[in-house]
Amino acid sequence: MVNTTTRELENPEEQPMVKKAKAEEVEVAAPSTTTTESNAENNKAISKTNGLYYVTFYTSDIKKSVKFFTEVFGFKERKEEGGKEYEEWVELATPGQHSTQIGLRTLKEGVTPGTIEMSVLVANLEKFHAEIRDTKDLVVRSPPTRQFWGGYTADYALVGLEQEVLFKALEDFPFRASFDKKFYSPITDESTYLYYTSVLSSKVLQVADFFKTVFDFKEHGYPASEFWTQLKGPGTHSSYLAAGAFKPQYKHESYKQGTVQLEFVVPDVEKFHEKITQNKDVIVVSPPEKTAWGSASAAYIFDGLHIGVAQNCEIIKNSLEKEVPEVETETPSLPPTKVEEVEKKEI
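Model, not experiment: these values are computed from the prediction.

A few words now on the side chain of Ser 191. Relative to the elements of secondary structure, Ser 191 occurs in the loop between helix 3 (176–182) and strand 10 (193–200). Residue classification places Ser 191 among the buried positions, given a relative accessible area of 8%. At 2.8 Å, the side chain of Ser 191 and the backbone nitrogen of Thr 188 are in polar contact. Non-local contacts of Ser 191, meaning those with residues more than four positions away in its chain, are made with Pro 95, Pro 186, Val 265, Val 266 and Pro 267.

The backbone phi angle of Asp 137 is positive, close to 70 degrees, even though this residue is not glycine. Along the chain, the position of Asp 137 falls in the loop between helix 2 (125–132) and strand 7 (138–146). Positive phi, close to 50 degrees, is recorded for Asp 303, a residue that is not glycine.

This brings us to helix 4 (residues 204–215). In this model, helix 4 (12 residues) spans 16 Å end to end at C-alpha, consistent with the 16 Å of a helix rising 1.5 Å per residue. Turning to helix 4, its buried residues number three or more, namely Val 204, Val 207, Ala 208, Phe 210, Phe 211, Val 214 and Phe 215. Seen from one end, helix 4 has its buried residues packed into an arc of 155 degrees, which puts them on one side. Once helix 4 finishes, Asp 216 follows within two positions and takes phi at roughly 65 degrees, a positive value.

The next subject is the pairing of strand 17 (residues 305–311). Buried residues dominate strand 17, accounting for 6 of its 7 residues. Relative to strand 17, strand 14 (residues 259–266) runs parallel, the two sharing 6 bridges. Residue Phe 264 lies in a different strand from strand 17, and its bridge partner there is Val 309. As defined by bridge partners, strand 16 (residues 296–302) adjoins strand 17 across 6 bridges and the pair is classed as antiparallel. Among the inter-strand pairings, Ile 301 is bridged to a residue of strand 17, identified as His 306. Where strand 16 folds back on strand 17, the antiparallel hairpin that results is connected by 2 residues, among which Asp 303 adopts a positive phi of roughly 50 degrees.

There is a patch of nonpolar side chains on the surface, built from Tyr 222, Trp 293 and Ile 315 and spanning about 320 Å² of accessible area. By the secondary structure assignment, Tyr 222 is in the loop between strand 11 (218–219) and strand 12 (228–232).

Within a sheet, neighbouring strands are paired by backbone hydrogen bonds and run either parallel or antiparallel to one another. The sheet built from 8 strands is open, its strands ordered 11-12-13-10-14-17-16-15 with mixed pairing. Whereas interior strands pair on both sides, the edge strands pair on one side only; in this sheet they are strand 11 and strand 15 (282–290).

Here we come to the packing of helix 1 (residues 62–72) against helix 5 (residues 269–276). The contact between helix 1 and helix 5 brings their axes to 11 Å, and the two run at 150 degrees. The two elements helix 1 and helix 5 cross, and the hand of that crossing is right-handed. Along the contact surface, helix 1 presents Phe 68, Glu 71 and Val 72, while helix 5 presents Phe 272, Lys 275 and Ile 276. Of the residues assigned to the contact of helix 1 with helix 5, the class counts are 4 nonpolar, no polar and 2 charged.

With the rule as written, the count across this model stands at 29 aromatic pairs. An aromatic cluster is present here, built from Phe 57, Phe 68, Phe 69, Phe 73, Phe 75, Phe 264, Phe 272, Tyr 300 and Phe 302 joined pairwise through their rings.

To continue, consider the sheet that holds strand 7. Judged by pairing direction, the sheet is mixed, and its 8 strands sit side by side in the order 3-4-5-2-6-9-8-7 without closing on themselves. Only two strands of the sheet have a single partner each, and these edge strands are strand 3 (76–77) and strand 7. Of the strand pairs in this sheet, strand 8 (residues 152–158) and strand 9 (residues 165–171) are connected by 6 bridges, and their pairing is antiparallel. Paired with Leu 158 across the bridge in strand 9 is Val 165.

Reading the values: the criteria
- Residues numbered from 1 in each chain as written.
- Predicted model: local features only at pLDDT ≥ 70, side-chain atom pairs only at ≥ 80, totals over all residues.
- Heavy atoms only, no water.
- Helix = DSSP H or I, 4+ residues; strand = E, 2+ residues; numbered from the N terminus.
- Buried < 20%, exposed > 50% of the residue type's maximum accessible area, 1.4 Å probe, protein only.
- Polar contact = N/O pair within 3.5 Å; in protein donor to acceptor, adjacent residues only side chain to side chain.
- Contact = heavy atoms within 4.5 Å.
- Expected span 1.5 Å × (residues − 1).
- Arc of directions from axis to C-beta.
- Pairing = 2+ DSSP bridges.
- Patch = residues over 30% accessible without salt bridge, like charges linked within 9 Å, V, L, I, M, F, W, Y side chains within 5 Å.
- Areas by Shrake-Rupley, 256 points an atom, 1.4 Å probe, with all protein chains shown as cover.
- Salt bridge = Lys/Arg side-chain N within 4 Å of Asp/Glu carboxyl O.
- Axes fitted to C-alpha atoms, helices over the stretch in contact; angles between N-to-C directions.
- Left-handed = near helix turned anticlockwise from the far one by under 90°.
- Nonpolar A, V, L, I, M, F, W, Y, C, P; charged D, E, K, R; others polar.
- Phe/Tyr/Trp six-rings, centres within 6.5 Å; stacked < 30°, edge-to-face > 60°.

Right under this line is the structure:
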């Protein structure tokens, strides 16, 4: 990757929390009154992030995409009964305590269908921003900003590849824990769930090092290599993030350096293949085939989104973290930041 100088792109619609803040001069972030911890290890302060919380899929047709994920994958919408319907944003619940949730979002300027934006949960957004803003190959797209729904977010991109890898930092918010608990469902042998999010590149180790630095993720499972490096976050929301090389069968022209692919586990790849190929908008990149590690896998594209699936097997089962009861603990209220609320429909 090239040595790109970090820069902030000003957006007149957004009001940043702080501008040009140094790490030692950062103001305390806005209140976060409830924290969810799953075990003693997680009771330690979140160092930088609490894992991948969302992956957001930018789609050209949000209604069609909701139907695709609910009918083919069996996912359900995450929304309160009688809650407000958003035309630009839909949340989907995926099984598992450590699984990342999926967001579907309409296109915005400069974003093409199939683009994935990864969102990490952080304890203190201002501190996180001050720590990472000068990271090599990172561009700040939007500094910490209060959104219309009351939360605080910041937008970034990993540059230096053929296409940028987008990610967002989301400060933990009071109702997050109870909302997650309401839509939680356990992983079983019959579950279809998001297993990991992979960034495909020929520069696997460099990409992995970037996310280890920015997200504070650690190597997990197999030893890091130039073909595959799997990472895991330190907290409750700890779905896997992987940097991987292109597989020989991925010959579709849409695959580029920096392509983000969502990898799902399914009970039966052949049956899933029959179901997903009934959708006329699906492109088959790689039909079901046996893998060297004892499973079967396939790959598809839907509205520009790159999808990989693997059949459930003992290796996958043994890699999952044991689910434990979540315990909500109160944390002291923090002084509010000096920020004006942004009235815009942006998540």
